[in-house]
Amino acid sequence: MKILETISNLAGKYFAFLVIGVALIAFFIPAPFIGLGAYITILLGVVMFGMGLTLKPVDFKLVLSKPIPVIIGVAAQFVLMPLVAFMLAYLMNLPAELAAGLVLLGSVPGGTASNVMVYLAKGNLALSVAMTSLSTMLAPILTPLILLALAGQWLPVDPVAMFLSIVQVIIVPITLGVLLRRIFPATVEKSATVVPLISVLAIIIIVSAVVAANVESITTSGLLIFSAVMIHNLLGLFLGYAAAVLMRLDESKRRAISIEVGMQNSGLGVALATAHFGPLAALPNVIAAVWHNISGPILATYWSKKRVTEGKNIKEAKSVSKQAQ
């Protein structure tokens, strides 16, 4: 178990490099990875099951006890990010599938990696976890409706089918993970160190499958869509912070909302795009899986060196972090 824990920690630490490395291998040698596309939905379910294993009742407590910052953050996530993606798709004149894929990226909930980034950035970890949890629970309703409104002009959107897909690959696995933790807490606690390794492997396989299926598209429009994803992410980080400033939230909450708004669950985007739009529409989400794990650590490292004056909020974040361990 110690060896697996060490490997898991290394995989989490060098996740971005692993994703980039596998993506490059799949690009130049796609044949071995083509068949993996059939397992994308199952793999994402594994990632979400792992998320469920880490969730505790305290993670939802903030939604009820101090709902305003959570509501502000989730509202910014589901309003600003889809609109920014829609605007970029129009201004950059993206092909239909790529445009729909970018809007999909903006419409999915926050990613679990954002919690780690917020902690490293000395942000409010309790708020970050609450935002991730709430946005994930709202995704089955909001993501299909947002896509129907903004992406329907490029590709047909079936909101009912998408709702069922999100329930299948997110809500059911997370619920099973939460129940398993409640029934067998000691066993789950012992295996908790291995969960990140399984999630990393699952995401790496997803990335390799989509890259291998889109070698030609990446060659022709890779720079264009990479630019769109990068701008989308950077605007999300900025607008999330700005929204928190406008609402006069303290610095630790500003950092949490910024990172939560800017980082999406790209794995869900890949699964939904592959199932409902086609492999090309998954490309923005694959690129996001790489880019978000570059921009996130850079911003977290910068903020980690900047003092947060609100000591109360730092204590609260550390308390939640200890309970989550």
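Per an unreviewed UniProt entry, the protein is named Sodium transporter, and its organism is Halobacillus litoralis. Of the comments in the UniProt record for the protein, the one headed Subcellular location (unreviewed entry) reads "Membrane".

(A) Quick look at the overall build of the protein. Tallying secondary structure elements over the protein gives 16 helices and zero strands in all. Expressed as a percentage of its 325 residues, the buried residues of the protein come to 52%. A separation of at least 24 residues holds for 85% of the contacts in the protein among residues at least 6 apart in sequence. Carbon and sulfur atoms provide 73% of the accessible area of the protein, an area that totals close to 14,600 Å².

(B) Quick peek at the layout of surface pockets. Reported here for the second largest pocket is a volume of approximately 320 Å³. What lines the second largest pocket is a set of 14 residues, and nearest its centre among them are Ala-23, Val-211, Ile-218, Ile-287 and Val-290. For the lining of the second largest pocket, the secondary structure elements donating two or more residues are helix 2 (15-28), helix 12 (215-246) and helix 15 (283-304). When residues of the lining of the second largest pocket are assigned to their parent elements, the largest contribution, five residues, is made by helix 12. Looking at the lining of the second largest pocket residue by residue, the classes come out as 13 nonpolar, one polar and no charged.

(C) Examining the confidence of the model for the protein more closely. Looking at the protein, the pLDDT average stands at 81 and 87% of residues meet or exceed 70. Confidence drops under pLDDT 50 across residues 311-325; counting only partners more than four residues distant or on other chains, this segment forms 21 contacts.

(D) Local environment of empty space enclosed by the protein. Here the structure, examined in full by the defined rule, presents two cavities of 30 Å³ or more. Ile-203, Ile-206, Val-207, Ser-266, Gly-267, Val-270, Asn-285, Val-286 and Ala-289 are the residues that line the largest cavity. When residues of the lining of the largest cavity are traced back to their parent elements, those giving at least two are helix 11 (195-213), helix 14 (266-276) and helix 15. Grouping the constituent residues of the lining of the largest cavity by class yields six nonpolar, three polar and no charged.

The rules behind the values
- Residues numbered from 1 in each chain as written.
- Predicted model: local features only at pLDDT ≥ 70, side-chain atom pairs only at ≥ 80, totals over all residues.
- Heavy atoms only, no water.
- UniProt positions renumbered as here; feature names shortened; annotations may be inferred.
- Helix = DSSP H or I, 4+ residues; strand = E, 2+ residues; numbered from the N terminus.
- Buried < 20%, exposed > 50% of the residue type's maximum accessible area, 1.4 Å probe, protein only.
- Contact = heavy atoms within 4.5 Å.
- Areas by Shrake-Rupley, 256 points an atom, 1.4 Å probe, with all protein chains shown as cover.
- 1 Å grid on protein atoms, 1.4 Å probe; cavity = no way out; pocket = protein on both sides within 12 Å on 5 of 7 lines; lining within 4 Å.
- Points joined across faces, edges and corners; volume = space filled by probe spheres on them.
- Nonpolar A, V, L, I, M, F, W, Y, C, P; charged D, E, K, R; others polar.
- pLDDT = per-residue confidence, 0-100.

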